[in-house]
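Here is what each chain is made of, one letter per residue.
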Amino acid sequence: MTQPVSPTQQGRPDRGAAAAQVSGPRKKDGPARSGGLRLDVRNLSLLGVLAALVVVGGFTEPDAFLDTGNLQLILTQSSVIGVVTVGMTFVITSGGIDLSVGAMVALASVWATTVATQEYGFAGILFTAVIVGLGAGLVNGLLIAYGRMVPFIATLAMLASARGLALQITDGRTQIVTVKSVLDLGLPDSYFLGIPPLVMMFAAVTVVGWLVLNRTTFGRRTVAVGGNAEAARLAGIDVRRQRLYLYLLSGLCCGIAAFMLIILSGSGQNTNGNLYELDAIAAAIIGGTLLSGGRGTIVGSVLGVLVFTTITNIFALNNLQSDVQQIAKGAIIVAAVLVQRRTSAHGET
């Protein structure tokens, strides 16, 4: 009697086997747990670094740094780039990169602050900022997922195009916001229990991002695509659609960040979001998100943002020039990547 032929013997991929490749063999449960432990240790290390920075700031400029207004300023400044970093964390976890986040923030902020847009009030500004961010993210996603362009090239092209369009809209001028309900959110009277509204918005985006990445199918698919895109495809994941959604998510975060930046500055400028891509990528990898994909942590990324913002604040209070700040950020990025490579090498042995 002829025995039935399995899908694998017929040359077709076995979805069950592919799913096992995505999730990993059961015998590696131990290392997986140790990987989670490493992430916890990394987060604790970042908390230690943050505590050390607070001590340094309190020692060098005790009156200015420990002032309530300055601490609120640190949290507020962290909020805008923090929202961008949440979106960047998803993209990097999937094995991609987005160099256009700063330009998308600039484009969304100037489009949302035109005279025509401001006629529609608070809702018009918010809606425009989010839609412009989503639109730019959609273009990135289509080029990368369905146009098969390298993420570096596609987002680099978006960076140049969005910056140019933002400059064309503003003609190099600053667009002042006149909508009172938007400006009021940046005033101390709008603080709730001493917490600025921008910080609460950042906290909400962080919580949602953490839940999506760690508690949903979308998050598991993101990690699977970043870990092994081909195995994810064989397991039944639509890799191209997943990548499209991820760049849409990054654009959404940029739109939200643009609205927050409008509240913070009370204006729209074509220079908004300058070097945000550097700060977001740096914060993500400092926090433990693997640059090659397959591992990401929202909590670590948020801590990375706080570390960088605190460093910048300490430098500013001590009257150090901006070029010194950029050199320090570059050195921190290199150190973080080297630590990641060393950690990955130990994990493979």
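All values derive from a computational prediction rather than experimental measurement. (Residues numbered from 1 in each chain as written. Predicted model: local features only at pLDDT ≥ 70, side-chain atom pairs only at ≥ 80, totals over all residues. Heavy atoms only, no water.)

1. Remarks on the overall build of the chain
Reasoning step 1: In terms of helices and strands, the chain carries 16 helices and two strands.
Reasoning step 2: Residues classed as buried in the chain amount to 45% of the 349 residues present.
Reasoning step 3: In the chain, of all internal contacts separated by at least 6 residues, the share reaching a separation of at least 24 is 79%.
Reasoning step 4: Total accessible area computed for the chain in this model is approximately 17400 Å², and 64% of it derives from carbon and sulfur atoms. (Helix = DSSP H or I, 4+ residues; strand = E, 2+ residues; numbered from the N terminus. Buried < 20%, exposed > 50% of the residue type's maximum accessible area, 1.4 Å probe, protein only. Contact = heavy atoms within 4.5 Å. Areas by Shrake-Rupley, 256 points an atom, 1.4 Å probe, with all protein chains shown as cover.)

2. Regarding the environment of Ala 106
Reasoning step 1: Within the secondary structure, Ala 106 is located in helix H5 (residues 101-111).
Reasoning step 2: A residue is classified by how much of its surface remains accessible, and Ala 106, at 0% relative accessible area, is buried.
Reasoning step 3: A sequence separation of 165 residues divides Ala 106 from Thr 271, and the C-alpha atoms of the two residues are 6.4 Å apart.
Reasoning step 4: Beyond its immediate sequence surroundings of up to four residues, Ala 106 is in contact with Arg 163, Ala 166, Gln 269, Asn 270 and Asn 272.

3. What about the packing of aromatic side chains?
Reasoning step 1: Counting across every chain of the model gives two aromatic pairs.
Reasoning step 2: Pairing Phe 122 with Phe 259 gives two aromatic rings, centres 5.3 Å apart and planes at 80 degrees, and the pair type is edge-to-face. Here the residue Phe 122 occupies a position in helix H7 (residues 121-146), and Phe 259 occupies one in helix H13 (residues 239-265), the gap between them amounting to 137 residues.
Reasoning step 3: Accessibility expressed as a relative area gives 30% for Phe 122, which makes it partly exposed. (Phe/Tyr/Trp six-rings, centres within 6.5 Å; stacked < 30°, edge-to-face > 60°.)

4. Regarding the pattern of salt bridges
Reasoning step 1: Counted according to the given criterion, the structure contains three salt bridges.
Reasoning step 2: The closest approach of N and O atoms between Arg 173 and Asp 171, which form a salt bridge, is 3.3 Å.
Reasoning step 3: Since its relative accessible area comes to 55%, Arg 173 is described here as exposed.
Reasoning step 4: Its relative accessible area of 55% is what places Asp 171 among the exposed residues. (Salt bridge = Lys/Arg side-chain N within 4 Å of Asp/Glu carboxyl O.)

5. Points about the layout of surface pockets
Reasoning step 1: Here the second largest pocket is characterised by a volume of approximately 490 Å³.
Reasoning step 2: Looking at the second largest pocket, it is lined by 19 residues, and the ones nearest its centre are Gln 77, Tyr 276, Asp 279, Thr 312 and Lys 329.
Reasoning step 3: Every element with two or more residues in the lining of the second largest pocket is listed here: helix H4 (68-93), H13, helix H14 (276-287), helix H15 (298-317) and helix H16 (322-348).
Reasoning step 4: Its residues placed into classes, the lining of the second largest pocket shows nine nonpolar, eight polar and two charged. (1 Å grid on protein atoms, 1.4 Å probe; cavity = no way out; pocket = protein on both sides within 12 Å on 5 of 7 lines; lining within 4 Å. Points joined across faces, edges and corners; volume = space filled by probe spheres on them. Nonpolar A, V, L, I, M, F, W, Y, C, P; charged D, E, K, R; others polar.)

6. Notes on the side chain of Thr 89
Reasoning step 1: Along the polypeptide, Thr 89 turns up in helix H4.
Reasoning step 2: A polar contact of 2.8 Å, which involves the side chain of Thr 89, links it to the side chain of Ser 301.
Reasoning step 3: If sequence neighbours within four positions are ignored, Thr 89 has contacts with Ala 284, Thr 289, Thr 297, Ile 298 and Ser 301. (Polar contact = N/O pair within 3.5 Å; in protein donor to acceptor, adjacent residues only side chain to side chain.)

7. Observations concerning the packing of H4 against H13
Reasoning step 1: Between H4 and H13, the least distance of the axes is 8 Å, while the angle of their chain directions is 175 degrees. By the angle between their directions, the pair H4 and H13 is classed as roughly antiparallel. Across from Thr 76, Ser 79, Val 80, Val 83, Val 84, Gly 87, Phe 90 and Val 91 in H4, the residues of H13 making contact are Leu 246, Tyr 247, Leu 249, Ser 250, Cys 253, Cys 254, Ile 256, Ala 257, Met 260, Leu 261 and Leu 264.
Reasoning step 2: Class assignment for the residues of the contact of H4 with H13 results in 15 nonpolar, four polar and no charged. (Axes fitted to C-alpha atoms, helices over the stretch in contact; angles between N-to-C directions. Parallel < 35°, antiparallel > 145°, perpendicular 65-115°, else oblique.)

8. Observations regarding the environment of Glu 119
Reasoning step 1: Mapped onto the elements, Glu 119 comes out in the loop between helix H6 (115-118) and H7.
Reasoning step 2: On the basis of relative accessible area, Glu 119 is assigned to the exposed category, the value being 65%.

9. Remarks on unusual backbone geometry
Reasoning step 1: Notably, Asp 171 is not glycine yet its phi reads approximately 55 degrees, a positive angle.
Reasoning step 2: Here Asp 171 is to be found in the loop between helix H8 (151-170) and strand S1 (175-176).
Reasoning step 3: Its identity is not glycine, yet Leu 193 carries a phi of approximately 55 degrees, on the positive side.
Reasoning step 4: Following the sequence through the fold, Leu 193 ends up in the loop between helix H9 (180-183) and helix H10 (197-215).

10. Observations regarding the packing of H4 against H14
Reasoning step 1: Where H4 contacts H14, the axes come no closer than 8 Å and their chain directions differ by 65 degrees. The way H4 lies across H14 gives a crossing that is right-handed. Residues Val 80, Ile 81, Val 84, Thr 85, Met 88, Thr 89 and Ile 92 of H4 pack against Tyr 276, Glu 277, Asp 279, Ala 280, Ile 281, Ala 283 and Ala 284 of H14.
Reasoning step 2: Considered class by class, the residues forming the contact of H4 with H14 number 10 nonpolar, two polar and two charged. (Left-handed = near helix turned anticlockwise from the far one by under 90°.)

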